[in-house]
Amino acid sequence: GITFAKDIIPATPLSHRNMIINGAMQVAQRGTSSTVNGFGSIDRFRSSINGNDESATQAQHALTSSDTGPYEEGFRYSFHMTNGNQTSGAGSDDRVAISTLLEAQDIASSGWDYTSSSSYITLSFWCKSSVAQNFYGRVTTADGTQQNYPFETGSLTANTWTKITKTIPGNSNLQFDNNNGEGLLIEFAMFRGTDKTGSLTLNTWATYNSAVRVPDMTSTWYTTNDATWEITGVQLERGQVATPFEHRSYADELAKCQRYCIQINSNNKSYDLIFPAMVIDQDDANTTWQPPVTLRAVPAVSVSANSHICVNYAAGQTSTPVNFNAVNYTYPTIYFNLDLNSNVMTEGQMVFLAFSNDTSGGFIRFDSEL
């Protein structure tokens, strides 16, 4: 009979298995489509583009029952990349890729004995390309002497979802500091030019060389106008087995994403109140806000446009935009200083920061991304 706890507790935990945040691509606080280089749509995943004649488009794409494979496993969204028209061909420094970053402390405390070659993590994901081709990816560490682990998808059949699984051993050269800095990058490359590719041994850890990140790549996908590539179901877990994807509720996934980004949207409402503030002179105010989760670090604050932000006060609303000045974050509170661009306030007066009446697409974003 079963006698010991070790007989009933699996090597891979039943919950909190997946170290990837938003691997089912559910949360997209910034929007559903963008041509920016970086975070623009799906939380925790970013595009990496360079040298494009026409910028590639990243998007949160809704899956349907025709997406055989991931749809049956409960996935309803993918990170979808659409190539632009690269009329000048494949340049040596051109690039289209998708990546996600994990905090070092989350790897250090994951239970993976990462300095042992007999201890493993397993990366699994679904991907689909409109062009039949082999693609490359990499797992790269940040601490100590950086290490790189390149891998391939194998030849994908055009317009067909394929489940990819990579079992990755530890290595004595790996280092993950117990802090909130960058620990592990996972990249999926649609194309990288020869400036960053070369001869590499796949499925092996080696010292990271920024000039040779993945093997030389065919340019077929990149030189095909409007080619698409999408991914979902990204899971990174301890052990040698790819377990069924750990589906989390939208609320749970959103809270995890908000450690790195919180976006407050206007919802197209005129004078939608955001924060109360205390006027400290005719032109400045101080305010505080407690975010719903612990932020990774002091956030950078950005707004859709300064003209989208105004101040409500007893006599009405300011017509001039508000600027965010000093920002400080001491858990659990963010402290702001606001430049009101107005000389009509009175010291000690209570006012409200608000979205103004031209707030289509208006937002305030607090960014603590790696």
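Quick note: structure is the one above.
Right, let's walk through the structure included here.

Cut-offs used in this document
- Residues numbered from 1 in each chain as written.
- Predicted model: local features only at pLDDT ≥ 70, side-chain atom pairs only at ≥ 80, totals over all residues.
- Heavy atoms only, no water.
- 1 Å grid on protein atoms, 1.4 Å probe; cavity = no way out; pocket = protein on both sides within 12 Å on 5 of 7 lines; lining within 4 Å.
- Points joined across faces, edges and corners; volume = space filled by probe spheres on them.
- Helix = DSSP H or I, 4+ residues; strand = E, 2+ residues; numbered from the N terminus.
- Nonpolar A, V, L, I, M, F, W, Y, C, P; charged D, E, K, R; others polar.
- Pairing = 2+ DSSP bridges.
- Axes fitted to C-alpha atoms, helices over the stretch in contact; angles between N-to-C directions.

## Topic: the layout of surface pockets
Okay, so step 1: Its volume calculated, the largest pocket comes out at about 420 Å³.
Okay, so step 2: Surrounding the largest pocket, 20 residues form its lining, N18, M19, I21, D106 and K256 being those nearest its centre.
Okay, so step 3: In terms of residue count, strand 5 (residues 95–103) provides more of the lining of the largest pocket than any other element does, four residues in total.
Okay, so step 4: Along the lines of polarity and charge, the residues of the lining of the largest pocket split into seven nonpolar, four polar and nine charged.
Okay, so step 5: Reported here for the second largest pocket is a volume of approximately 180 Å³.

## Examining the sheet that holds strand 15 (residues 261–265)
Across a sheet, paired strands are connected by hydrogen bonds in the backbone, their directions being either parallel or antiparallel.
Okay, so step 1: Taken together, three strands build an open sheet; the order of strands is 15-24-18 and the sheet is antiparallel. With partners counted over all chains shown, the strands left at the sheet margins are strand 15 and strand 18 (300–303), one partner each. The average undirected angle you get between the axes of adjacent strands in this sheet is 15°.
Okay, so step 2: One ladder, built from five bridges, connects strand 15 with strand 24 (residues 363–367); its direction is antiparallel. Bridge pairing in strand 24 places Q263 opposite R365.

## Focus on the sheet that holds strand 5
Okay, so step 1: Spatially, the six strands line up as an open sheet ordered 2-5-10-7-8-12, and their pairing is antiparallel. One side of each edge strand has no neighbouring strand; the edge strands of this open sheet are strand 2 (46–50) and strand 12 (206–207).
Okay, so step 2: The sheet contact formed by strand 8 (residues 147–156) and strand 12 spans two bridges and is antiparallel. Bridging from a neighbouring strand, Q147 pairs with T207 of strand 12.

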